[in-house]
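# Notes for the structure review
As a plain string of letters, each chain reads:
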Amino acid sequence: MTVPLAKVAVSADHRDMANAVRFLAADAVEKAKSGHPGMPMGMADVATVLFSRFLKFDAKTPRWADRDRFVLSAGHGSMLLYALAYLTGYDDVDVEQLKQFRQLGARTAGHPEYGHVAIAETTTGPLGQGIANAVGFALAEKIGAARYGRDVVDHYTYVIAGDGCLMEGISQEAISLAGHHKLAKLIVLWDDNEICIDGRTSLALSDDQLARFAASRWDVVRVDGHDPEAVAKAIEQARTTDKPSLIACRTVIGYGAPSKAGSEKTHGSPLGAEELAGARVKLGWNFEPFVVPPAVLDAWRTAGVRGTAARTAWEGRLAKLDAPRRAEWDRLAARRLPDGWSAETAAFKAKILAEKPKWATRKASQEALEVLTRIIPEMIGGSADLTSSNLTLTKSTKPITPDDASGRYLHYGVREHGMAAAMNGLALHDGLIPYGATFLVFTDYLRPALRMSALMGLRVLYVMTHDSIGLGEDGPTHQPVEHLASLRAIPNLLVFRPCDPVETMECYEVALEHLTGPSLLSLCRQNLPTVRSDAAENKSARGAYVLAEAEGPRQVTLIATGSEVELALQAQDLLKAKGVAAAVVSMPCWELFDRQESSYRKSVLGEGTVKVAVEAASTFGWERYVGPDGAVIGLQGFGASAPAEQVYRHFGITAEAVVDAALARL
């Protein structure tokens, strides 16, 4: 339900309000001697229209659930966002924060960071991420409306994007997905200034962006970005269509700068004292740096609370939700998993221990997801056109379609990067837990968005299958080698490589309870035995544990992950036959193991023992666990096309190789 917003009725005019944005941004960049003044100066008119006339928000209650979302995809123009936060009265951005722009400890970072300031709905800066996140926001809004009705979920997602955002390949994935799903409440305001860092955009492209968006089933229009009434009319029209909308706002970068306006010289450098003084004269802004006259500040502060009535009306409607849906709403808002969910996962593990299935871990994941999606309705699944290989569609997750958002599964198409960025938007919107899948080798296509998941600390689950040379005949183009090592290098990402169905469910349990970062499950194609004999404790939660202790004083410690745990157990038996006592350690998650207390880590790794690690991937990084005298059985180069068993033997990743390495070091 849309509630009319209060009108801004104060003495300051649009020009003064926009100039306040321009000069706060330019002054902050000048003081920092670093930053991007051109975009805020050029888009100040558009932002003023949006924030003073259309955006549904309440600066004093900034995170209320049915607010409109505003995404600054062109994150280099962060001072636009911070100036708006200060002017509209957000409590966490005062004028001192503007003066400390880009300084250590300030909330006003060089690019907007989620969690630093309330006005930042997402972290932006890597171009294209914001517009793709916005697709996730708009999908989440549509899903929420299907669940709770328009009385409770009814808001827009607005984006300011630049030329660079639209040049990035992810933008095509995003706009195609948005057009397909008819995300009518997504409105993109394009800063169409024809300038990039190198100079005119014509140096690098000749695209007709409006035709491109129209081909993806968007509503498109071009306006003068410095004509507030034209901008307002375009936004009004965009709010009436049944498609997402692109409003191309033709602007002048660095608007008002006497000699640098319209030039790349205003993009990424301070204007300089002389140029900034000239801009003050040209635009009639006769105030000292960081000073906003009372009438103008009052106008902005009025804009900041004009959504209060809409918020209070929404709170009244929320209170009228029936008891079951209100209880569910409150649970999701608290990020609390459903009561009894752990009993269901325990029952699954007990069944596994009784039946001892021989499954690939991707199949174990499918069976785990069947349980989890049945009992956790906020889980929203998806795959980048590999559903039948990733095994991520369950009986509880019917597909979301352009005309029906009541489902819980997104067919993302071959858009890995767009999928990951959209999942970030789904997670940021609150109330949903997205999981998405592709082959592990294709994390290369989605890595920038995965990195943003980690940087923002989002609960996003990456289900990555076909995780080694064990996928066989598809060969080295599809066989990941360096991927585990590179993913483990990403801060705040939990990388899980489970060895059987019990560990697979344990890893999902940890991932679902992990509220401050993403998790990635690395899952195999080939069948594996169930090797666990107990499930009373979630042993994967400690990252590594002794799966099979040595008989007698331990001489050798064999460490493995995923599909190679089976090889380690075979090697243990071979060593036993030779009179060598070896223990097998399963290490599904390096990151969690590294967080354990020293005494536990030492007990698992076995002080004074010969250590041999085995993993069908790059050996990079394993030296931290095996030490300078240990051995790592793995890959030093790319894989090969052949049946999995032949590939393993060809590259010497066998139980016999593990045994030989251990014996050579005793």
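Everything that follows concerns the structure shown earlier in this document.
So, here is what we can say about the structure in this document. (Residues numbered from 1 in each chain as written. Predicted model: local features only at pLDDT ≥ 70, side-chain atom pairs only at ≥ 80, totals over all residues. Heavy atoms only, no water.)

## With respect to helix H10 (residues 273-283)
Under the convention used in this document: Burial status follows relative accessibility: with a 1.4 Å probe on protein chains alone, a residue under 20% of its type maximum counts as buried, one over 50% as exposed, and anything between as partly exposed. In DSSP terms, a helix is any run of H or I states spanning at least four residues, a strand is any run of E spanning at least two, and both are numbered starting from the N terminus. Our arc is simply the arc of the directions from the helix axis toward the C-beta atoms. Between two residues, a contact is recorded if the distance between any of their heavy atoms is within 4.5 Å.
Every buried residue belonging to H10 is among Glu275, Leu276, Ala279, Arg280 and Leu283, and all of these are buried. Looking straight down H10, one finds that the buried residues subtend no more than 145 degrees of arc, so they occupy a single side. Relative to its buried face, H10 has exposed residues pointing more than 90 degrees away, namely Ala273, Glu274 and Val281. Buried positions along H10 lie against helix H1 (14-32). Just downstream of H10, Gly284 is the residue with a positive phi angle, here 70 degrees.

## So, empty space enclosed by the protein
Quick reminder of the rule: Definitions used throughout: a 1 Å grid over protein atoms alone; a cavity as a set of points that fits a 1.4 Å probe which cannot get out; a pocket as an open set with protein on both sides within 12 Å along at least five of seven lines; a lining residue as one with an atom within 4 Å of a point. Grid points are joined across faces, edges and corners, and a volume is the space filled by probe spheres set on the points. Classification convention: Asp, Glu, Lys, Arg as charged; Ala, Val, Leu, Ile, Met, Phe, Trp, Tyr, Cys, Pro as nonpolar; all other residues, Gly among them, as polar.
In total, this model carries three cavities of 30 Å³ or more according to the counting rule given. Size it by volume and the largest cavity reaches roughly 90 Å³. Along its surface, the largest cavity is lined by Phe51, Leu55, Phe57, Pro62, Arg67, Asp68, Phe70, Tyr90, Ala118, Ile119 and Glu121. The residue makeup of the lining of the largest cavity, split by class, is eight nonpolar, no polar and three charged.

## What to know about the sheet that holds strand S6 (residues 219-224)
For the record, the criterion: Two strands pair under a simple rule: DSSP has to find at least two bridges between them. Axis lines are fitted through C-alpha atoms, for helices just across the contact stretch, and the angle between N-to-C directions can take any value from 0 to 180 degrees.
Here five strands make up an open sheet; going across it, the order is S1-S2-S3-S7-S6 and the pairing parallel. Whereas interior strands pair on both sides, the edge strands pair on one side only; in this sheet they are strand S1 (69-72) and S6. The average angle at which neighbouring strand axes cross in this sheet is 20 degrees, direction not considered. Examined bridge by bridge, strand S2 (residues 157-162) and strand S3 (residues 186-192) share six bridges and lie parallel to one another. In the sheet register, Tyr158 faces S3, and the bridge partner there is Ile187.

## Structural notes on the packing of helix H2 (residues 38-54) against helix H3 (residues 78-88)
Under the convention used in this document: An angle counts as roughly parallel when it lies under 35 degrees, as roughly antiparallel when it exceeds 145, as roughly perpendicular when it falls between 65 and 115, and as oblique in every other case. Two helices that cross are described as forming a left-handed crossing if the nearer one is turned anticlockwise from the farther one by less than a right angle, and a right-handed crossing if clockwise.
For the pair H2 and H3, interaxial distance at closest approach is 10 Å and the crossing angle is 40 degrees. In terms of their interaxial angle, H2 and H3 are classed as oblique. Here H2 and H3 pass one another in a crossing that is right-handed. When H2 is examined against H3, the residues Met39, Pro40, Met43, Ala44, Ala47 and Phe51 are found in contact with a partner set consisting of Met79, Leu80, Leu84 and Thr88. In the contact of H2 with H3, the residues fall into nine nonpolar, one polar and no charged.

## Overview of the packing of helix H5 (residues 129-148) against helix H7 (residues 169-180)
Relative to each other, H5 and H7 sit at 20 degrees, their axes nearing to 9 Å. Here H5 is positioned roughly parallel relative to H7, judged by the angle of their axes. When the axes of H5 and H7 are compared, the crossing they make is left-handed. Contacts from Gln129, Ile131, Ala132 and Val135 of H5 reach H7 at Ile170, Ser171, Ala174, Ile175, Leu177 and Ala178. Each residue belonging to the contact of H5 with H7 can be placed in one class, and the counts come to eight nonpolar, two polar and no charged.

## Comments concerning the sheet that holds strand S9 (residues 409-411)
What the six strands build is an open sheet, ordered S9-S8-S10-S11-S13-S12; its pairing is parallel. Two strands bound the open sheet, and with one partner strand each, they are S9 and strand S12 (494-496). Between one strand and the next, the sheet's axes are offset by a mean angle of 20 degrees, whatever the strand orientation. With respect to the sheet, helix H18 (residues 443-456) is in contact with strand S10 (433-439), strand S11 (461-465) and strand S13 (519-522), its orientation differing from that of S11 by roughly 160 degrees.

## Concerning the side chain of Gln97
Checked against the element boundaries, Gln97 lands in helix H4 (residues 95-99). On the basis of relative accessibility, which here comes to 13%, the residue Gln97 falls in the buried class. In this structure, Gln97 is in contact with Asp92, Ala106, Arg107 and Thr108, ignoring residues within four places of it in sequence.

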